[in-house]
Amino acid sequence: MKKWKLTGLIISTFLLVFVIVTVFRTLTIQSKQPAPQPTQAVINEEAAVSRLSQAITYKTISYQDRSKFDFTQFDQFIAFLEENYPLVHQHLNLEKINDYSLVYRWKGTDAAKKPIGLTSHYDVVPVLTGTETNWEQDPFSGAVTDGKIWGRGTLDDKIGVIGIMEAAEQLLKDGFVPDRDIYLMFGFDEEVGGDEGANIVAQILKDRGIQFEFVLDEGGAIVENMVPGVSQPVGVVGISEKGSATAELTIEGSGGHSSQPKDHTNIGRIAAAIAKLETTQFKGDLRGPGEDLFEFVAPEMSFGMKYVFANKFIFESIIEKILLKEPASAALIRTTIAPTIFQAGEQYNALPEKASAIINLRLMPGDSLEEVKTFIEDTIDDQNIKVTLTGSEATKVSSVDGWEFKAIQQAARNVYNRSVIAPYLMFAGSDAKHYDAVSENTYRFLPVQITSEDLNRMHGTNEHISIKNYLNAIKFYMEVMKEV
Ligand SMILES: [Zn+2]
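Residues numbered from 1 in each chain as written. Predicted model: local features only at pLDDT ≥ 70, side-chain atom pairs only at ≥ 80, totals over all residues. Heavy atoms only, no water.

A. Representation of the pattern of salt bridges within the structure. Scanning all chains against the criterion turns up 17 salt bridges. Across the pair Asp367 and Arg287 runs a salt bridge whose closest N-O atoms are separated by 3.4 Å. Here the residue Asp367 occupies a position in the loop between strand 11 (354-363) and helix 12 (369-380), and Arg287 occupies one in the loop between helix 7 (266-280) and helix 8 (288-297), the gap between them amounting to 80 residues. Residue classification places Asp367 among the buried positions, given a relative accessible area of 16%. Residue classification places Arg287 among the partly exposed positions, given a relative accessible area of 26%. Linking Glu291 and Lys312 is a salt bridge whose minimum nitrogen-to-oxygen distance equals 3.0 Å. Taken together, the residues Glu291 in helix 8 and Lys312 in helix 10 (residues 312-323) connect sequence positions 21 residues apart. (Salt bridge = Lys/Arg side-chain N within 4 Å of Asp/Glu carboxyl O. Helix = DSSP H or I, 4+ residues; strand = E, 2+ residues; numbered from the N terminus. Buried < 20%, exposed > 50% of the residue type's maximum accessible area, 1.4 Å probe, protein only.)

B. Molecular detail of the environment of Val127. Counting through the fold element by element, Val127 comes out in the loop between strand 3 (116-121) and strand 4 (144-145). Classification of Val127 by relative accessible area gives buried; the value is 16%. Note: C-alpha distance between Val127 and Pro139 (12 residues apart in sequence) is 7.6 Å. Beyond its immediate sequence surroundings of up to four residues, Val127 is in contact with Glu132, Trp135, Pro139, Phe140 and Arg152. (Contact = heavy atoms within 4.5 Å.)

C. Quick peek at the domain arrangement of the protein chain. Looking at the protein chain, the domain boundaries give domain 1 (45-240 + 395-483) and domain 2 (242-392). When each unit is reduced to the centre of its C-alpha atoms, the spacing between domain 1 and domain 2 is 33 Å. Contact residues are listed per partner, giving 21 residues for domain 1 and 17 residues for domain 2. Linking domain 1 to domain 2 there are 0 salt bridges. (Domains from an automatic or database assignment.)

D. Up close: the packing of helix 3 (residues 71-84) against helix 5 (residues 158-173). Their axes nearest at 11 Å, the elements helix 3 and helix 5 cross at an angle of 25°. By the criterion of interaxial angle, the relationship of helix 3 to helix 5 is roughly parallel. In this structure, helix 3 meets helix 5 at a crossing whose hand is right-handed. For the pair helix 3 and helix 5, contact is made by Phe77, Phe80 and Leu81 and by Lys158, Val161, Ile162 and Met165, respectively. (Axes fitted to C-alpha atoms, helices over the stretch in contact; angles between N-to-C directions. Parallel < 35°, antiparallel > 145°, perpendicular 65-115°, else oblique. Left-handed = near helix turned anticlockwise from the far one by under 90°.)

E. Layout of the sheet that holds strand 4. The antiparallel open sheet is built from 3 strands, whose spatial order is 4-5-15. Each edge of the open sheet is held by one strand with a lone partner, namely strand 4 and strand 15 (464-466). Pairing between strand 4 and strand 5 (residues 148-150): 2 bridges, direction antiparallel. Across the sheet, residue Thr145 finds its bridge partner in strand 5, namely Lys148. (Pairing = 2+ DSSP bridges.)

F. Seen up close, helix 8. Of all 10 residues in helix 8, 7 are buried; the element is thus mostly enclosed. Looking at helix 8, one finds that the buried residues are Pro289, Gly290, Asp292, Leu293, Phe294, Phe296 and Val297. Where helix 8 is buried, its residues touch strand 8 (234-241), helix 9 (303-310), helix 10, helix 11 (327-333), helix 13 (403-415) and strand 13 (420-426).

G. Structural detail: the sheet that holds strand 9 (residues 243-252). Judged by pairing direction, the sheet is antiparallel, and its 4 strands sit side by side in the order 10-11-9-12 without closing on themselves. Only two strands of the sheet have a single neighbouring strand rather than two, namely strand 10 (336-344) and strand 12 (386-392). Strand-to-strand twist in this sheet, taken as the mean axis angle between neighbours without regard to direction, amounts to 20°. As paired elements, strand 9 and strand 12 share 7 bridges and run antiparallel to each other. If you follow Thr246 over to strand 12, its bridge partner there is Thr390.

In structure tokens, the structure reads:
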């Protein structure tokens, strides 16, 4: 009886200490959001709206097949910029790299300070054939109705180009002089990889020995109900891009007549290999940008969620299990496996001599191509299947502790004072990866507050932006230029 009492006392003391420690940790977790200093920027709204509207009318469409680019549209767009942003063209030095990338250098007063770069792209994706009539407004009309501006590029990414140009023009009008150099860099082929655009710009700047403190590109936006337990909208700034790789699994061997099949055919073996990969999966691990995201949003969460994240050292495996349940959150914490092409067989009564499958993988920062290939080979464990892997690893992970990230966070909070601004991992590609070569940090953020439906419209039908968002984007870029 006595012994039981003692055990009970030990257990209840332990529980009490546990509760005190974990609740204390929850209550003392510090917000990582800077206090907003509401923007004082004044903009001539009507003129700004009319300029974005006009910018949309140029069909600066990029195609995988580069011979399809209509460069007269690109020339006209550049002429439009020259005509509409006179102060920028008077005070900044413009260099056209590879004819169509635009690099403006705004000289600062302090040559000892490293420059920063603001980048976006003025090419847009085509409108899918057959969907033209689904648009409420013509995709290249730049129509302005009901407080919205319509068309290709209103979100991706003429908003970036025009937002930055408007901000610079307005600040020049106000007599602003930056203390460090600011580069405005606009690519013309981001939607098809940026190889001729941002890639060449970065190479040339690198040859000249230019190193940026940071480069800011398009990327995550501000979205409501994005993170469970956070009632405010959350704006996410990409601090790294996942890598993208293609694995090809191939098996070759005897075919034969379908009347006498072997127990295991080529199709069966490739199918089994894929099934093994899908059941095994890469291990989920809350680290890097995914971990950073939760460190920034946890202090803003409701008590229950905050309790879990404040005591991550206890609950980590539970958190990971929950995140792995949904594809979007699973992709945040592991390298993903997506079988996209399967090829085998030509005739219903002949066993194919060859079968192959293509798998698209998105790599976590830190997972090398070599490691991924080894993982695939070990998992499928079939000597007869040849595995080749090509692609790129994730970009480097930018800092969230330095003044650079804080400057972007502050600028965003000055305009969107209710929003929580946090780092995250981008799944899609952008021009920012090219600037890794010339910058300590690359950040990816589109300064607009949108819904998940808007995100679908980016490369889809009815792309548009509210005037309010557009004006906020201009203000954000003005704040960034002032913050740095
Ligand atoms: Zn884009």
